[in-house]
Amino acid sequence: MIDESLQIKLGGALSEKLQVKIHINDAKSVSGGDINETFRIATNEGYFFLKLNNTAQYPDLFQQEFSGLQELRAAYALSVPKPLATGTVADKSYLLMEFIQKGVAVSDFWENFAAGLARQHLITQPHFGYPVPNYIGTLKQYNTPYSNWPVFYAFNRLMPLTRLAYDKKIIEQQTVKQMERLCRQLPRLFPAEQPALLHGDLWSGNFMIGNDGRACIYDPAVYYGHREMDLAMTRLFGGFDTRFYYAYQSIYPLVPGWQERIGICQLYPLLVHTILFGGNYYSSVREVLAAY
Ligand code: ADP
């Protein structure tokens, strides 16, 4: 259970948002996340989902998650839990959102998921980026706008994390040099592509089967980027069903050469994992770089 002052504050925030008196009866811990404490909150108006973390460490992390969820909901493409309130109590930050009730997958679950993601990826804007920096996990995600993907990917994604990992003595100078070499080759490897609205952290732990039997996505690191980033991420830890990839390809085909770019697109989440969790992820980074 969460402490009483937090309960009162959360009850107040929900009451204000929903315009009905909300009383919190219970909070049950939910496992599965990497970063935050997560709970299912039981109230007189049903369940809500709560995320908590330490304010001092990540001051605006939940504001950014709130805005990312709103951006994805506005796409009307895939199901996304509605963010309800965010704020602080003592040394804790909180984020309250709609609770996703688990369901049973419909028979065309993967095709439907692919179609929704393709619809989301068709939402575009003139440049790659996002109005503010946000987070991937607990790492700052740079979103300075560029009209060219290779430049965006090198300057906002690969090089900042390469530098961070080197400064933290997690990777060697040789890897930094290889990464710089790869970045110089990005213009040759990526044909022109329009910016796409991305989930930004779309691995299998960041979607659930909702009670309508369809995919519900959450925990995003939203920006307008290259859509192969989302697809490469889905393949990183286990991968999605092959029906998903067939369906996506038939709805919104990728530009030839995408197979070679999977590893390159996975470098960013691999660097994130190398920095946050270490271990084998660094070997995977080196394996990808070895080809360039
Ligand atoms: P973290 O930010 O720590 O990675 P997540 O946002 O991934 O946490 O949430 C942790 C787990 O809680 C998820 O793996 C999922 O099982 C569950 N979950 C996430 N969002 C919701 C939600 N809105 N409703 C119900 N369960 C959720």
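Residues numbered from 1 in each chain as written. Predicted model: local features only at pLDDT ≥ 70, side-chain atom pairs only at ≥ 80, totals over all residues. Heavy atoms only, no water.

Student: It is not clear to me how the side chain of glutamine 64 should be interpreted in this structure. Could you clarify?
Tutor: In this fold, glutamine 64 is placed in helix α2 (residues 61-74). Take glutamine 64: its relative accessible area is 14%, and that puts it in the buried class. Those residues within four positions of glutamine 64 in sequence are excluded, and the remaining contacts are Val132, Pro133, Asn134 and Tyr135. (Helix = DSSP H or I, 4+ residues; strand = E, 2+ residues; numbered from the N terminus. Buried < 20%, exposed > 50% of the residue type's maximum accessible area, 1.4 Å probe, protein only. Contact = heavy atoms within 4.5 Å.)

Student: Hey, could you run me through the domain arrangement of the protein in this one?
Tutor: One frequent convention defines the size of an interface as the accessible area lost when the parts assemble. Parsing the protein into structural domains produces domain 1 (4-98) and domain 2 (109-290). Here the C-alpha centroids of domain 1 and domain 2 sit 26 Å apart. With 21 residues of domain 1 at the contact, the number on the domain 2 side is 26 residues. A combined buried area of about 1,900 Å² lies between domain 1 and domain 2, and 67% of that area is made up of carbon and sulfur atoms. Remark: the boundary between domain 1 and domain 2 carries one salt bridge. Its salt-bridge partner being lysine 51, residue aspartate 219 comes within 3.3 Å of it at the nearest N-O pair. (Domains from an automatic or database assignment. Buried area = accessible area lost by both parts, 1.4 Å probe. Salt bridge = Lys/Arg side-chain N within 4 Å of Asp/Glu carboxyl O.)

Student: How do you make sense of helix α5 (residues 173-189) when you look at a structure like this?
Tutor: For an α-helix, 3.6 residues make a turn, and residues three or four places apart therefore share a direction. Here α5 spans 24 Å end to end across 17 residues, near enough to the 24 Å set by a 1.5 Å rise per residue. Considering bend angle alone, the principal kink of α5 is centred on cysteine 183 and spans about 30 degrees; proline proline 187 follows within four residues of it. Taken as a whole, α5 has its buried residues at Thr175, Val176, Gln178, Met179, Leu182, Cys183, Gln185, Leu186 and Leu189. Contacts made by the buried residues of α5 are with α4 (149-167), α8 (258-277) and α9 (281-290). (Expected span 1.5 Å × (residues − 1). Bend = angle between axes of the 7 residues up to and from the residue.)

Student: Sorry if this is basic, but what is going on with the environment of methionine 208 here?
Tutor: Note on placement: methionine 208 falls in strand β9 (residues 207-209). It is 9.9 Å that separates the C-alpha atoms of methionine 208 and serine 79, two residues lying 129 residues apart in sequence.

Student: How do you make sense of the site of the ligand when you look at a structure like this?
Tutor: As a structural note, the neighbourhood of the ligand is formed by 20 residues, with Ile35, Asn36, Lys51, Glu98 and Ile100 the closest of them. Here a nitrogen atom of the ligand sits 2.8 Å away from a polar atom, N or O, in the main chain of isoleucine 100. Within the side chain of aspartate 219, an N or O atom sits 3.0 Å from an oxygen atom of the ligand. With the chains in place, 93% of the 550 Å² that the ligand exposes on its own is no longer accessible. Those elements that place two or more of their residues in the shell around the ligand are β3 (46-54) and β5 (92-98). Residue composition of the shell around the ligand, by class: nine nonpolar, seven polar and four charged. Looking at the shell around the ligand, you find at least three residues from each of domain 1 (4-98) and domain 2 (109-290). (Near = heavy atom within 4 Å. Polar contact = N/O pair within 3.5 Å; in protein donor to acceptor, adjacent residues only side chain to side chain. Areas by Shrake-Rupley, 256 points an atom, 1.4 Å probe, with all protein chains shown as cover. Nonpolar A, V, L, I, M, F, W, Y, C, P; charged D, E, K, R; others polar.)

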